[in-house]
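Residues per chain, in single letters:
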Amino acid sequence: MHIPVLLEESTDLLLGNGGKLYVDCTIGLGGHTRRILEKNPQAFVIGIDRDPYALEMAQENLKDFEGRYSLYHANFSDLDEVLKMERLSQVDGFLFDLGVSMLQLRSPRGFSFQRDEPLDMRMNPEDRLSAYQVVNTYSERDLERILKEYGEEPYAKRIAKAIVLARAKKSIETTLELVEIITSVLPYKGGRIHPATRVFQAIRIEVNEELKSLEIALRKTLDFLRSSGRVVLISFHSLEDRIVKNFMKKHLKPLTKKPIKPTMEEMKKNPASRSAKLRAGEKP
């Protein structure tokens with residue numbers, strides 16, 4: 001269901017310091033963790049994910065490695081609390097595979113604009129804020145702001161106004177209702193980028209506080225990395241990559257002069273990988 005992106009490149013970089021104790025901050029279905037455990041028979045991985053459905057599948061997919069991993073239902077911004085529960089003060093590395101997974105895109109939680117589903121977009125269904133609340137309760141100014149900041153949407157003002165006008169008549173409840181509003185002011189003329197793409201990205205980032213959580217998590221890794229410990233991150237859009245690049249430059253010795261991107265072969269096998277960028281750094 002979900003093909004790990006840049007699997008060999010990311011795990012080789014993570015394990016390159018010869019360590020044994022690693023944290024997979026976005027374990028998902030367990031693909032990267034499985035490869036870590038295969039490559040290093042002495043490795044132990046602490047897996048974190050905010051999506052309980054993903055953790056259930058990771059448990060099943062990692063059953064061959066029982067005793068060599070532990071799983072936690074948490075936001076990676078709380079990685080310090082997880083490591084305290086494990087009674088750990090230092091680890092050899094952190095791996096982050098950011099963005100939305102295929103499991104989430106294919107689940108009926110409103111992540112995709114290609115199917116008619118309730119407006120939800122919560123990676124953790126226990127979280128308070130949903131896409132429905134953002135779309136139906138945010139002011140026009142706040143909608144415009146998140147579309148600009150998180151979606152880099154050039155028509156943010158026009159789309160925000162259309163949403164507010166539409167919801168004055170009735171609540172916007174499903175993904176396709178929202179898509180219809182977007183395309184009413186920004187018609188889809190074909191091509192690769194659908195006009196709803198940036199809008200859905202922006203709302204999803206707002207609902208899950210993705211950029212804020214990333215900044216918090218990265219700061220916290222510094223408190224637990226041993227000397228020569230590594231942080232390896234795979235990002236999927238420019239906003240994430242900017243945060244990662246600045247963090248690496250300020251706090252770590254870069255292991256990747258430029259971001260590593262998927263090969264043509266990987267992109268053919270897994271089109272979802274095409275926007276991925278891998279950066280890695282090491283604590284001096």
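The following paragraphs examine the structure supplied in this document. Predicted, not measured: the structure shown is a model, and the values here were computed from it.

**Considering the side chain of Glu206**
Argument step 1. With respect to the secondary-structure elements, Glu206 resides in helix H10 (residues 197-208).
Argument step 2. Buried within the structure, Glu206 lacks any salt-bridge partner; Arg145 is the closest side chain of opposite charge, at an N-O distance of 4.6 Å.
Argument step 3. Of note is the side chain of Glu206, whose polar atom sits 2.6 Å from the side chain of Tyr138.
Argument step 4. If sequence neighbours within four positions are ignored, Glu206 has contacts with Leu129, Val134, Tyr138, Ile146 and Tyr150.

**Structural notes on the nonpolar core**
Argument step 1. Core analysis: the largest hydrophobic core is formed by 62 residues, its most contacted members being Leu79, Phe94, Phe96, Leu178 and Ile203.
Argument step 2. If we ignore the near neighbours within four places in the chain, the residues touching Leu178 are Leu119, Val135, Ile163, Ile172, Phe200 and Ile203.
Argument step 3. Counting residues in each nonpolar core, the second largest holds 22 residues, with Val5, Val45, Leu55 and Leu95 among its members.

**Details of the pairing of strand S5 (residues 225-235)**
Argument step 1. Most of S5 is tucked away, with eight of its 11 residues classed as buried.
Argument step 2. Pairing analysis gives six bridges linking strand S4 (residues 91-97) to S5, with the strands arranged parallel. Residue pairing across strands places Val91 opposite Leu225, the latter belonging to S5.
Argument step 3. Relative to strand S7 (residues 277-282), S5 is paired through six bridges, and the arrangement is antiparallel. Residue pairing in the sheet places Arg230 in a bridge with Glu282 of S7.

**Things to note about the packing of H10 against helix H11 (residues 210-224)**
Argument step 1. In contact at an axis separation of 6 Å, H10 and H11 are set at 50° when each is read in the N-to-C sense. On the basis of their axis angle, the class for H10 and H11 is oblique. In contact with Arg204, Ile205 and Asn208 of H10, H11 contributes Glu210, Leu211 and Ser213.
Argument step 2. Class assignment of the residues belonging to the contact of H10 with H11 gives a composition of two nonpolar, two polar and two charged.

Cut-off values and rules
- Residues numbered from 1 in each chain as written.
- Predicted model: local features only at pLDDT ≥ 70, side-chain atom pairs only at ≥ 80, totals over all residues.
- Heavy atoms only, no water.
- Helix = DSSP H or I, 4+ residues; strand = E, 2+ residues; numbered from the N terminus.
- Buried < 20%, exposed > 50% of the residue type's maximum accessible area, 1.4 Å probe, protein only.
- Lys, Arg positive; Asp, Glu negative; His and termini not counted.
- Salt bridge = Lys/Arg side-chain N within 4 Å of Asp/Glu carboxyl O.
- Polar contact = N/O pair within 3.5 Å; in protein donor to acceptor, adjacent residues only side chain to side chain.
- Contact = heavy atoms within 4.5 Å.
- Core = buried A, V, L, I, M, F, W, Y, C linked by side-chain atoms within 4.5 Å.
- Pairing = 2+ DSSP bridges.
- Axes fitted to C-alpha atoms, helices over the stretch in contact; angles between N-to-C directions.
- Parallel < 35°, antiparallel > 145°, perpendicular 65-115°, else oblique.
- Nonpolar A, V, L, I, M, F, W, Y, C, P; charged D, E, K, R; others polar.

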